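For reference, the chains in residue letters:
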Amino acid sequence: MGRVATLHRGATDPVARTAALVAFLLAVIVGCSGGEESAGEGGGESSAPQQETTGVSAEAAADANEAGLIMVLEYHRVGGDPSFAPEWTISTEDFRDQLQYLYDNDYYPMNFRDLVEDNIDVPAGKTPVVLTFDDSSDTQFTMVRENDEWVPDPDGAVGVMADFSERNPDWPMRATFFVLPEADAPNNLFGQPELSEKKLNYLVDNGMEIGTHTLYHENLALASPEEVQRQIVLSIEAVQEYVPGYEVRTLGVPFGEYPEDITLLHSGSYEGRSYRLSGAAEVTGGATYPPGHPEFDPFRVPRIQAEPEKEDIGYYFDYFESNPDERFVSDGDPETRTVPDDADLRETTGAADEQY
Ligand SMILES: [Zn+2]
């Protein structure tokens, strides 16, 4: 746990990303194979590869593990009528408790896009966590009138998060909503069509992300290539109708069913209008390796279902309490990747094995 390698994070162009990945692996190989013999050379911290950054304190770097695992949580219905779809519902109270647990255990929220684009900007010592919400149901974001103003229903997902962030200013409102613009009510952009514009702008204005879940939960494994592209283009345009110029960059894959040609998710076009995505989320799979890790695929990011009936989330909360060294822990600088010299990136862990 002593020495660390602090590396520059890859830029967005593919060549730089590849170079960063190679450097990421080399540092680990050096750390694993040469650790004992080279420990005396130069003495102590200076035997680590050169730290080109000034943004990471020695203390933050020593505790960091940016090769560790990250939880991407997956929610559907939050509160509302529990008999409507019991297996896809978490009570308002349980959702509040989960936020509190994450907060108390040094997690820190970020949007899914920032994960897949390798832009992990969380304070030193914190473990990023991504909250994702599928199917844009009324229970996630109903608005109600209060003092002549439209505000989030305090018992829905957005209302709970708004209240939580107000009481805990060091927990920003970050979450990703994979929405269905043309689903039947109550999944049609949160179930109050007259307020769709207000809601989508509320999410964006408060730092949250809107991703697509296709127009109406299309099974992309059964769709033609043209239909896959049509679903993506039109669902993005439906969001942009309410939030002009908004860049939708991520997809929650309906049913976790991928098209045969996965590159259709990377980019494509329909009737001359094109799109480019940065990543996509699966529906199950466990915790994810971080960007830069050889096992990380931004278009196949596993998730952990948060409904109590699934028992997944409790398993992972417990898992990382028992195995804190498997958690991703930030060095506080999004430009660097700090990896303990004894990290073994190819070793599969219990948490990651759960998935497949
Ligand atoms: Zn869904």
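Treat the numbers as computed from the prediction; the structure is a model and nothing was measured. (Residues numbered from 1 in each chain as written. Predicted model: local features only at pLDDT ≥ 70, side-chain atom pairs only at ≥ 80, totals over all residues.)

Counting its regular elements, the protein contains ten helices and 16 strands. Sequence separation of at least 24 residues holds for 72% of the intrachain contacts in the protein that already meet a minimum separation of 6. (Helix = DSSP H or I, 4+ residues; strand = E, 2+ residues; numbered from the N terminus. Contact = placed C-beta atoms within 7 Å.)

A separate point is helix H7 (residues 225–242). Under the 1.5 Å per step criterion, the end-to-end length of H7 is 27 Å for 18 residues, consistent within 8% with the ideal 26 Å. Three or more residues of H7 are buried, namely Val228, Gln229, Arg230, Gln231, Ile232, Val233, Ser235, Ile236 and Val239. (Expected span 1.5 Å × (residues − 1). Buried ≥ 20, exposed ≤ 12 C-beta atoms within 10 Å, placed from the backbone.)

One can describe the packing of helix H3 (residues 92–104) onto helix H5 (residues 157–167) by two numbers: an axis separation of 10 Å at closest approach and a directional angle of 40°. Relative to H5, the element H3 lies oblique. For the crossing formed where H3 meets H5, the hand is right-handed. On H5, the residues that touch Thr92, Phe95, Arg96 and Leu99 of H3 are Ala157, Val160 and Phe164. Here the residues of the contact of H3 with H5 are counted per class, giving five nonpolar, one polar and one charged. (Axes fitted to C-alpha atoms, helices over the stretch in contact; angles between N-to-C directions. Parallel < 35°, antiparallel > 145°, perpendicular 65-115°, else oblique. Left-handed = near helix turned anticlockwise from the far one by under 90°. Nonpolar A, V, L, I, M, F, W, Y, C, P; charged D, E, K, R; others polar.)

Let us look at the confidence of the model for the protein. Mean pLDDT over the protein: 85, with 80% of residues reaching 70 or higher. Below pLDDT 50 for its whole length, residues 1–53 participates in 79 contacts with residues either more than four positions away or in separate chains. Across residues 346–350, where pLDDT falls below 50, the model places five contacts with residues more than four positions away in sequence or in other chains. (pLDDT = per-residue confidence, 0-100.)

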